[in-house]
Amino acid sequence: QEAALTAQLYDTALTRCLEKGDWSFASTYAELPLLTLPDGIAADPALPYAYALPGDALRLREVADDCVRWRLDKLGDIQAIRCEAEAPLPVRYTARIANETLLPTSFRQMVALQLAVYLAPKFLGTQGKIEVLKRDLQEATEEAQREDSRTASTARYDGLDPSLSDDWVTEARR
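Below is a summary of the structure that appears in this document. (Residues numbered from 1 in each chain as written. Predicted model: local features only at pLDDT ≥ 70, side-chain atom pairs only at ≥ 80, totals over all residues. Heavy atoms only, no water.)

1. Quick word on helix α3 (residues 127-149)
- With 23 residues, α3 ought to run about 33 Å at 1.5 Å a step, and its terminal C-alpha atoms sit 33 Å apart, in line with that.
- Residues of α3 that are buried include every one of I130, L133, L137, A140, T141, A144 and D148, and no others.
- Buried residues along α3 sit against α1 (2-20) and α2 (105-123). (Helix = DSSP H or I, 4+ residues; strand = E, 2+ residues; numbered from the N terminus. Expected span 1.5 Å × (residues − 1). Buried < 20%, exposed > 50% of the residue type's maximum accessible area, 1.4 Å probe, protein only. Contact = heavy atoms within 4.5 Å.)

Set out below in structure tokens:
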């Protein structure tokens, strides 16, 4: 019974953990081609262009640049982005990872604890033990995020002067 429920909930735990952060090991860049709207799907005059999300996309992180208006929409059976920008549309997203051997050890520990939290009400029963698992999950998440933060440079990726603040309101006032 435990093995069957674990197998059933594993993908949910993995997906939840991937969605929690902007993980470098799952970050993917793509340039999306324009999508022809399926029959029966109305065009949106405010966001006239549509782009299908890649099938492995779990969480959209960036679309074009910060000045482009967009939103996620379900267009029939297609998860899509409606946007005001013409093709190709550059996006960055968190991708589903099918090969667990590609996951960092700290992240795998986090997934195991997320799975334990999902299973705990069925098999532990006591709220105190469940709370300990939740605390352990929080600590594992923070550790995995710390380790992941060391996998990229600390330089700004928006091309602006590194001495500038991330707070555009403060910068505009200066």
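Past the structure itself, the notes keep going.
2. What about the sheet that holds strand β6 (residues 89-95)?
- Read across the sheet, three strands follow the order β1-β6-β3 without closing on themselves; strand pairing throughout is antiparallel. The open sheet has two free edges, formed respectively by β1 (27-32) and β3 (57-63), since each of these has just one partner strand. Strand-to-strand twist of the sheet, defined as the mean angle between neighbouring strand axes without regard to direction, takes the value 35°. (Pairing = 2+ DSSP bridges. Axes fitted to C-alpha atoms, helices over the stretch in contact; angles between N-to-C directions.)

3. Things to note about the nonpolar core
- Core analysis: the largest hydrophobic core is formed by 24 residues, its most contacted members being L14, L18, W23, F107, M110 and V111.
- Of all the elements in the fold, those that place two or more residues in this core are α1, α2 and α3.
- Considering every element that reaches this core, the biggest residue donor is α2, with eight residues.
- Apart from the residues within four sequence positions on either side, F107 is in contact with L14, C17, L18, W23, F25 and A144.
- I81, C83, V91 and Y93 belong to the second-largest nonpolar core, a separate cluster that totals 14 residues. (Core = buried A, V, L, I, M, F, W, Y, C linked by side-chain atoms within 4.5 Å.)

4. Topic: the pattern of salt bridges
- Tallied over the full model, the rule gives ten salt bridges.
- For D22, the salt bridge identified is with R92, shortest N-O distance 2.7 Å. Pair noted here: D22 is in the loop between α1 and β1 and R92 is in strand β6, with a separation of 70 residues, a long-range link.
- Looking at D22, the relative accessible area reads 38%, which means it is partly exposed.
- On the basis of relative accessibility, which here comes to 18%, the residue R92 falls in the buried class.
- The shortest N-O distance in the salt bridge between R135 and D136 comes to 3.5 Å.
- By relative accessible area, R135 is classed as partly exposed at 46%.
- Overlapping salt bridges, with partners in common, bring together D44, R71, D73 and R82 in one network. (Salt bridge = Lys/Arg side-chain N within 4 Å of Asp/Glu carboxyl O.)

5. Structural notes on α2
- Here α2 spans 25 Å end to end across 19 residues, near enough to the 27 Å set by a 1.5 Å rise per residue.
- If you look at α2, its biggest bend is around 30°, right at V117, and the proline P121 turns up within four residues after that.
- Every buried residue of α2 is accounted for by S106, F107, M110, V111, L113, Q114, L115, V117, L119 and A120.
- Where the residues of α2 are buried, they touch α1 and α3. (Bend = angle between axes of the 7 residues up to and from the residue.)

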